[in-house]
Amino acid sequence: MGALMMSAAAEDDREERYMFPTPPVGGWTADDLDRIPGLPPHTELIDGGLFFTSPQTYFHMATLRLLENALLDCVPEGLVVVREMTTRLGKRDRPEPDLMVVPEKALTGPEQTWYEPRDVVLAVEVVSEDSEERDRKVKPRKYAEAGIKHFWRVEKSDGLPVVYVCELDAATDSYAAAGVHRNRLTLDVPFPVDVDLTGVR
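First, a word on scope: everything that follows refers to the structure included in this document.

1. Quick word on the environment of Ala170
Piece 1. Along the chain, Ala170 turns up in the loop between strand S9 (160-169) and strand S10 (174-182).
Piece 2. Residues Ala170 and Ala144 lie 26 residues apart in sequence; the distance between their C-alpha atoms is 8.7 Å.

2. Examining unusual backbone geometry
Piece 1. The residue after Val189, namely Pro190, is reached through a cis peptide bond having omega 5°.
Piece 2. Among the structural elements, Pro190 can be located in the loop between strand S11 (184-187) and strand S12 (193-196).
Piece 3. With phi around 55°, Asp47 is a residue other than glycine that occupies positive phi space.
Piece 4. Structurally, Asp47 is set in the loop between strand S1 (44-46) and strand S2 (49-51).
Piece 5. Here Asp47 falls in the exposed class, since its relative accessible area comes to 51%.
Piece 6. The backbone phi angle of Asn183 is positive, close to 70°, even though this residue is not glycine.
Piece 7. You can see Asn183 is positioned in the loop between S10 and S11.

3. Quick look at helix H3 (residues 132-145)
Piece 1. In this model, H3 (14 residues) spans 19 Å end to end at C-alpha, consistent with the 20 Å of a helix rising 1.5 Å per residue.
Piece 2. Every buried residue of H3 is listed here: Arg134, Asp135, Val138, Lys139, Pro140, Lys142, Tyr143 and Ala144.
Piece 3. Directly beyond the C-terminal end of H3, a positive phi value near 95° is found at Gly147.

4. Re the nonpolar core
Piece 1. Within the largest apolar cluster, 26 residues are counted, with the highest numbers of intra-cluster contacts made by Leu71, Trp152, Leu185 and Val195.
Piece 2. Residue assignment for this core shows that the elements contributing at least two residues are helix H2 (58-74), strand S5 (99-103), strand S7 (122-126), strand S8 (150-157), S9, S11 and S12.
Piece 3. The element contributing the most residues to this core is H2, with seven residues.
Piece 4. Look past the residues within four positions of Trp152 in its chain and what remains in contact with it is Leu71, Leu122, Ala123, Val124, Glu125, Val163, Tyr164, Val165, Leu185, Leu187 and Val193.
Piece 5. If you look at the next biggest cluster of nonpolar residues, it comprises 16 residues, including Val80, Met100, Ala106 and Phe151.

5. Details of the packing of aromatic side chains
Piece 1. Under the definition given, this model contains two aromatic pairs.
Piece 2. Measuring from ring centre to ring centre gives 5.7 Å for Tyr143 and Phe151, while their planes differ by 55°; the resulting arrangement is tilted.
Piece 3. When the ring of Phe151 is compared with that of Tyr175, the centres are 5.6 Å apart and the planes differ by 20°; the resulting orientation is stacked. With Phe151 in strand S8 and Tyr175 in strand S10, this pair connects stretches of sequence that are 24 residues apart.

About the cut-offs
- Residues numbered from 1 in each chain as written.
- Predicted model: local features only at pLDDT ≥ 70, side-chain atom pairs only at ≥ 80, totals over all residues.
- Heavy atoms only, no water.
- Helix = DSSP H or I, 4+ residues; strand = E, 2+ residues; numbered from the N terminus.
- Buried < 20%, exposed > 50% of the residue type's maximum accessible area, 1.4 Å probe, protein only.
- Expected span 1.5 Å × (residues − 1).
- Core = buried A, V, L, I, M, F, W, Y, C linked by side-chain atoms within 4.5 Å.
- Contact = heavy atoms within 4.5 Å.
- Phe/Tyr/Trp six-rings, centres within 6.5 Å; stacked < 30°, edge-to-face > 60°.

Right under this line is the structure:
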């Protein structure tokens, strides 16, 4: 009985320290994501459920910085590189790619928090251990179905990033593999890119 009482007390303590949002019937919607109080940074909405990001590794941070700087150097006029922003894929989906390239005309103002998928020229995901299934399967499938034409999935191999480049096959609404890049990423589409991937060190 004492153990049960202690367990109940510990549970009550957790409830006092953490206020978990209670989803409505049917799950959250894309519009809810900006209104739910107390969400941690980088919360994503997938299939009406909330997904939180765990602390990131040095590899993730360094790879993201390398790719962001490279894209900033080579992105054509009229396009901008954004991070820490979501894309609204549908009523119950607002994932947050690690990086996106969007048209400058898609910027609506300082309070903007998301982009339409039709405006996303490129989405990039650096795969994290806590979200492998989402980064490798769920999110790419949803990006493709929403019509995002170019997608990069970035994995770690021997301490260096490996970039899996995918292009949308409009006939199937799915991604087709367009190359695996180790040590150097050199592409002509969606615009010329040349990145020394060993620079992550």
